[in-house]
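# Summary of the model geometry
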Amino acid sequence: MGAMPAIPLDRVALEASGLKKSFREREAGERHWRQVDAVAGIDLVVPRREILGILGPNGSGKSTLIRMMATLLIPDAGYVRVFGLDATRDRMAVRRLINRVSVEASFFKKLTATENLAYATGLYGVSNRESQQEAARILERLGLPAQKLRVPLEQLSRGQQQKVAIARALLTSPNLMLLDEPTTGLDPKSRREVQEFILEVRATHDATIIISTHDMEEADRICDRVAIIDRGRFVALDTPKGLKSTYGQGGDSLEAVFFNLIGSTLEQDTIDA
Ligand SMILES: Nc1ncnc2c1ncn2[C@@H]1O[C@H](COP(=O)(O)OP(=O)(O)O)[C@@H](O)[C@H]1O
Ligand SMILES: [Mg+2]
């Protein structure tokens, strides 16, 4: 990994250093526990307003890393700082600055999108009227038909529910958005819409966005920099262009980069969750 130019501290959204997390695992019938080093020593500095991609196959540590950034898991070693605040010691303050969107977004499935968003923002002290107008605007922008706002969430497709999850994250005006595979399982059109929306959010909300994905084209298209993660470690971190010129053998896609670094393609490695 190349040396990173120093970023002035007030321009850093997130900093991670020496970050590690292991789990103990035992398969049915096995006698002994095995240690899985899900995150095995990660250092990272993310400047404000960056869209950083974390690209890697299933099981490479993406969600564990994001959960530590989101204060949901306590690191075994190292630290995460969000706008200078320690994610373990200043947990509540950090939570106000971030929002995580995961594949399995938690909603009240019997309530409508609008009701879910109002509930979420009510908790954060935004007035209902204001938040409902903003919710309607965001969901419309995301291509969610207006009548879909009024039916229980359980009647929406996975793609539509994912859009509601992103809208909910936006409503609480997070400075740092952590998107854990927000487009996995979406059809190509919805995936595009979500990607466009992420770009718009960055442009309009002064947001910093960390997004995990196993879609190379997505990483290439929307990320300023991409970290390639394999077995809990970053094996490369650079702009898509930089990655291609260093590891891509003159090719124009991240596919060759990935193959050269990891020795397999993402398609071989990844069974869609
Ligand atoms: N709560 C947990 N208990 C045991 N093992 C876990 C737990 N969470 C993740 N792991 C293991 O850690 C590794 C990384 O998982 P994860 O961070 O979910 O990867 P990814 O999001 O890239 O698919 C995997 O081997 C996974 O089985
Ligand atoms: Mg994951």
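To be clear, the structure that these remarks concern was listed above.
Residues numbered from 1 in each chain as written. Chains lettered and ligands numbered in written order. Predicted model: local features only at pLDDT ≥ 70, side-chain atom pairs only at ≥ 80, totals over all residues. Heavy atoms only, no water.

## Comments concerning the pattern of salt bridges
Taken as a whole and assessed by the stated rule, the structure comprises 17 salt bridges. Between Arg 89 and Asp 86 there is a salt bridge, and its shortest N-O distance comes to 3.6 Å. In this structure Arg 89 comes out as exposed when scored by relative accessible area, which is 67%. With a relative accessible area of 9%, Asp 86 lands in the buried category. When salt bridges that share partners are traced, they join Glu 25, Glu 27, Glu 30 and Arg 34 into one network. (Salt bridge = Lys/Arg side-chain N within 4 Å of Asp/Glu carboxyl O. Buried < 20%, exposed > 50% of the residue type's maximum accessible area, 1.4 Å probe, protein only.)

## Some details on the packing of helix H8 (residues 240-247) against helix H9 (residues 254-262)
For the pair H8 and H9, the least separation of the axes is 9 Å and the interaxial angle reads 55 degrees. In this view, H8 runs oblique relative to H9, as classed from their interaxial angle. Relative to H9, H8 is oriented so that their crossing is left-handed. Facing Pro 240, Leu 243, Lys 244 and Tyr 247 of H8, the residues of H9 in contact are Leu 254, Ala 256, Val 257, Asn 260 and Leu 261. Residues belonging to the contact of H8 with H9 are distributed by class as follows: 7 nonpolar, 1 polar and 1 charged. (Axes fitted to C-alpha atoms, helices over the stretch in contact; angles between N-to-C directions. Helix = DSSP H or I, 4+ residues; strand = E, 2+ residues; numbered from the N terminus. Parallel < 35°, antiparallel > 145°, perpendicular 65-115°, else oblique. Left-handed = near helix turned anticlockwise from the far one by under 90°. Contact = heavy atoms within 4.5 Å. Nonpolar A, V, L, I, M, F, W, Y, C, P; charged D, E, K, R; others polar.)

None of this, on its own, says anything about what the molecule does.
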